[in-house]
Amino acid sequence: MHQDPMTPPPVARALEEYRALLAEHGLTWGEPPLSYVRLMPFLRFPKEAGRMDAPDGPGERGEPGDPGEPGEPDEPDEPGELGEAFRQVLDGGVPSGLTVLRLSAHGHRLEASVVSAVLSADPVPLILLVDSALDTGAVVTVDAVPYEIRPRGARLLEATSSSTVTVGGEAVDLAAMTRAAVPARVRLRAGFPCRWTVVSEGGQGWYPKGAPRRRDYHGIPFFHGDDLVLDVPAAEPLTVRVGRGMEYGTEEVTVTPQAWRETLVELTPERIFDAAARGWYGADLHVHLNWAGDLVAGPADAAAAQHGEDLHVLNLVAGNVSGERVYDREALQHWAGRDLPWSDAAHIARMGVEYRNDLLGHVHAFGLAAPPSTYHTGFSDAPDWPPNATACGELRELNAVLGYAHPFHGPVASPEDVIAGGRRNCSGRALVVDAALGLMDGMELLHFSELSGTVEVYRRLIGAGNRLAALAGTDTMLSFTRQETVSNPPGWERVYARTDGPLSAESFARAVRQGRTFATNGPWLELTVDGREPGETLDLSPGDHVTIRARAAGHGVERLALRTADGVLAAGPGGELVTSLVVDAPTYVVAVATGHGHPVAANGETFAHSSPVYLDVACRHVARPEDVRWCMRWLDLLEDLVSGHARLEDAAQLDDHLDLIEKARTVYAARLAITS
């Protein structure tokens, strides 16, 4: 019997198990109900609906407490609170993708922003937002399943156009939510795999048969491939858009297909820059194939997305959600240390790991040669032990490149902003330890959440003498089709690394270890200091002059800045920036590009940040006293946090944590002594 190389038997069995979990439990797959698992159903709406996960929740994905990473937020757990949150956001309107079932003393009524066109008798999926103005509770049933609606509450429910829905026993007529349309076809052709969007008026998306019905952060439908055929409504204008990751622009056209005929649409996105031609390759180091969700994703989904986005390097990470199960562990065990089957000379995919502890932080691992023994700690009442450093040490022994994932989710003015309170919100609290002990290759500067705190901590760490690469990981989860940034295509943020030869997992890993990187959500960014690039070191004498050049081009660049350990050295509009520096003390130089109105980035903000070019003076590395003391204050607070909030079984486990903190403290103290 022929075996599909994409789904070898261990992987096929795991996918079947996941399908059974989805069928039995819905999109949570039966995971223990931590806060972010409870929030999953309430984040499944197009972005134009606004923020509905919490009335005042911070962060791009409601962090802490986002659907993908944990926290203990003050999320509106009660339906009455959710109802108020929905009303505040909707303000009486109905966003695309939702059907609102309004309950009042006068009865019930349905409202939708658009009536869905249907081409066959197949039922159309509906997301019902039940919005009650009643002072008493109500019961809404969907296909005989009852749901309680609190007084003046709200609830999101899954249904289809053929569902039987009742309110207090009275039937709700769903017929008005759909209209029959005469079918036609379009064929989409670019000449290579791309990302496509096909929408009719009102924002209804159209997909090839069998394709997942994905929507991105902005609620825009998309799918990947080339030479694809879609059934669409005839005699109605359709907008067809094509793109291919951040190295390309987008092109679009409007067509009106004729009934029962096929319309060919040939559309090719224009390339903006070609990183590989310069020896640079872009990666998304943090993508999940399966992590609960509304569908089960297979390797073919990852292959289509990687090639459709022209993503050079894809790291598919095995990881748990909120319990013991490690999703895609079987794929890691089968393919560890090998390229995945769809890899080619320009595209490398590997199975990796997201090691997870919600108190101390998450770490992504790329290029590991074999599965680790430990994937997570601190879940299901397990102890927060062994420390992150122990797990990182094992991953390093397996040749993995390591980076802290989505370390911080808001502004960080002081260590107290991260350590205080001891909430399990996946902040990278152990990063300051692991960086000092040489266990980290880098950290995600670009991730799904607010970036300012992450960037501030990064600059403190490199200013304190830690050599860390700027990395990026989206935390995209291919098993979700419409869940804010989770359902964005992989590679909407990337880390570019300059390899020392042809692209391979090994050459890319070496480049990251050496810090030859920049992180970006669109712009191309270059930096040289006397000809040296990020990751390189200049050995200087006091008073030496250096010339610094930076260039940024691409999506939305408005400002380009050069920074040293002491702050902004020079800044100007996007384009090229040249300045000089007299170097009296060890420092570093990074380039940063920013702007607004970015059409691709999830939050609309342009951002790119290089790794440092290091400027050593008299054989001394940078160790800015202010930054070193900042890190030592962090360690003091971390010691209190672990002693007071970590789940540990005995004093020996606590000692393991405290010993590592003390080792890191010794490292920082030695750096401080050198600068005194």
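Here goes a summary of the coordinates provided. Keep in mind that this is a model prediction, so the values were computed, not measured.

**Some thoughts on empty space enclosed by the protein**
Sizing a probe to match a water molecule and rolling it over the atoms shows the empty space that remains.
And step 1. All chains considered together, the criterion is met by four cavities of 30 Å³ or more.
And step 2. If you add up the space inside the largest cavity, you get close to 90 Å³.
And step 3. Around the largest cavity sit Leu360, Pro387, Asn388, Ala389, Ala430, Val433, Asp434, Leu638, Val642, His657, Leu660 and Ile661, which together line it.
And step 4. Looking at the lining of the largest cavity, the elements with two or more residues in it are α6 (388–397), α8 (431–436), α11 (625–645) and α12 (651–675).
And step 5. Residue contributions to the lining of the largest cavity peak at three residues, all from α12.
And step 6. Approximately 70 Å³ is the volume attributed to the second largest cavity.

**Side note on the sheet that holds strand β2 (residues 107–112)**
And step 1. With respect to topology, four strands assemble into an open sheet ordered β2-β1-β4-β7, the strand pairing being mixed. Since the sheet does not close on itself, it has two edges, and those belong to β2 and β7 (154–160), each with one partner. Ignoring which end each strand starts from, the neighbouring axes of this sheet average 25° apart.
And step 2. For strand β4 (residues 125–132) and β7, the ladder comprises seven bridges, and the chain directions are antiparallel. Bridging from a neighbouring strand, Leu129 pairs with Leu156 of β7.

**Section: a negative patch on the surface**
And step 1. A cluster of acidic side chains, namely Glu649, Asp650, Asp655, Asp656 and Asp659, defines a negative patch on the protein surface.
And step 2. Looking at the element boundaries, Asp659 is found in helix α12.

**Quick word on the packing of aromatic side chains**
Given two aromatic rings, their pairing is described by the distance between the two centres and the angle made by the two planes.
And step 1. The full count for this structure, using the stated rule, is 16 aromatic pairs.
And step 2. Aromatic side chains Phe366 and Phe508 sit 6.1 Å apart centroid to centroid with 80° between the ring planes, which places their arrangement in the edge-to-face category. Here Phe508 lies in helix α10 (residues 505–513) and Phe366 lies in strand β23 (residues 361–366), a separation of 142 residues in the sequence. The residues Phe366 and Phe508 share a single accessibility class, namely buried.
And step 3. Seen from their ring centres, Tyr496 and Phe518 are 5.4 Å apart, and the 15° between their planes marks the pair as stacked. Taken together, the residues Tyr496 in strand β28 (residues 494–498) and Phe518 in strand β29 (residues 517–520) connect sequence positions 22 residues apart. Comparing Tyr496 with Phe518, the two get one shared label, buried.

**Comments concerning the layout of surface pockets**
And step 1. Considered as a void within the structure, the second largest pocket measures approximately 460 Å³ in volume.
And step 2. Arg195, Asp216, Thr250, Pro599 and Val600 are the residues nearest the centre of the second largest pocket, which is lined by 27 residues in total.
And step 3. For the lining of the second largest pocket, the elements supplying multiple residues, two or more each, are β12 (194–200) and β16 (238–243).
And step 4. Of the residues assigned to the lining of the second largest pocket, the class counts are 13 nonpolar, nine polar and five charged.

**Focus on the packing of helix α9 (residues 452–463) against α11**
And step 1. At a closest axis distance of 8 Å, the pairing of α9 and α11 adopts a crossing angle of 110°. Overall, the two elements α9 and α11 adopt an arrangement that is roughly perpendicular. Here α9 and α11 pass one another in a crossing that is left-handed. Seen from α9, the contacting residues are Val457, Arg459, Arg460, Leu461 and Gly463; seen from α11, they are Glu626, Asp627, Trp630, Cys631 and Trp634.
And step 2. Each residue belonging to the contact of α9 with α11 can be placed in one class, and the counts come to five nonpolar, one polar and four charged.

**Considerations on the side chain of His286**
And step 1. As for its position among the elements, His286 is in strand β19 (residues 280–288).
And step 2. Of the residues examined, His286 reaches a relative accessible area of 0% and is grouped as buried.
And step 3. Within the local environment of His286, its side chain forms a polar contact with the side chain of His288, the two groups lying 3.3 Å apart.

**Observations concerning the sheet that holds strand β18 (residues 262–266)**
And step 1. Strand order in the open sheet formed by three strands is β15-β11-β18, and the pairing between neighbours is mixed. Looking along the sheet, the strands with just one partner apiece sit at the ends: β15 (228–233) and β18. Adjacent strand axes in the sheet meet at a mean angle of 30°, parallel and antiparallel pairs treated alike.

Quick notes on the rules
- Residues numbered from 1 in each chain as written.
- Predicted model: local features only at pLDDT ≥ 70, side-chain atom pairs only at ≥ 80, totals over all residues.
- Heavy atoms only, no water.
- 1 Å grid on protein atoms, 1.4 Å probe; cavity = no way out; pocket = protein on both sides within 12 Å on 5 of 7 lines; lining within 4 Å.
- Points joined across faces, edges and corners; volume = space filled by probe spheres on them.
- Helix = DSSP H or I, 4+ residues; strand = E, 2+ residues; numbered from the N terminus.
- Pairing = 2+ DSSP bridges.
- Axes fitted to C-alpha atoms, helices over the stretch in contact; angles between N-to-C directions.
- Patch = residues over 30% accessible without salt bridge, like charges linked within 9 Å, V, L, I, M, F, W, Y side chains within 5 Å.
- Areas by Shrake-Rupley, 256 points an atom, 1.4 Å probe, with all protein chains shown as cover.
- Salt bridge = Lys/Arg side-chain N within 4 Å of Asp/Glu carboxyl O.
- Lys, Arg positive; Asp, Glu negative; His and termini not counted.
- Charge placed at Lys NZ, Arg CZ, Asp CG, Glu CD.
- Phe/Tyr/Trp six-rings, centres within 6.5 Å; stacked < 30°, edge-to-face > 60°.
- Buried < 20%, exposed > 50% of the residue type's maximum accessible area, 1.4 Å probe, protein only.
- Nonpolar A, V, L, I, M, F, W, Y, C, P; charged D, E, K, R; others polar.
- Parallel < 35°, antiparallel > 145°, perpendicular 65-115°, else oblique.
- Left-handed = near helix turned anticlockwise from the far one by under 90°.
- Contact = heavy atoms within 4.5 Å.
- Polar contact = N/O pair within 3.5 Å; in protein donor to acceptor, adjacent residues only side chain to side chain.

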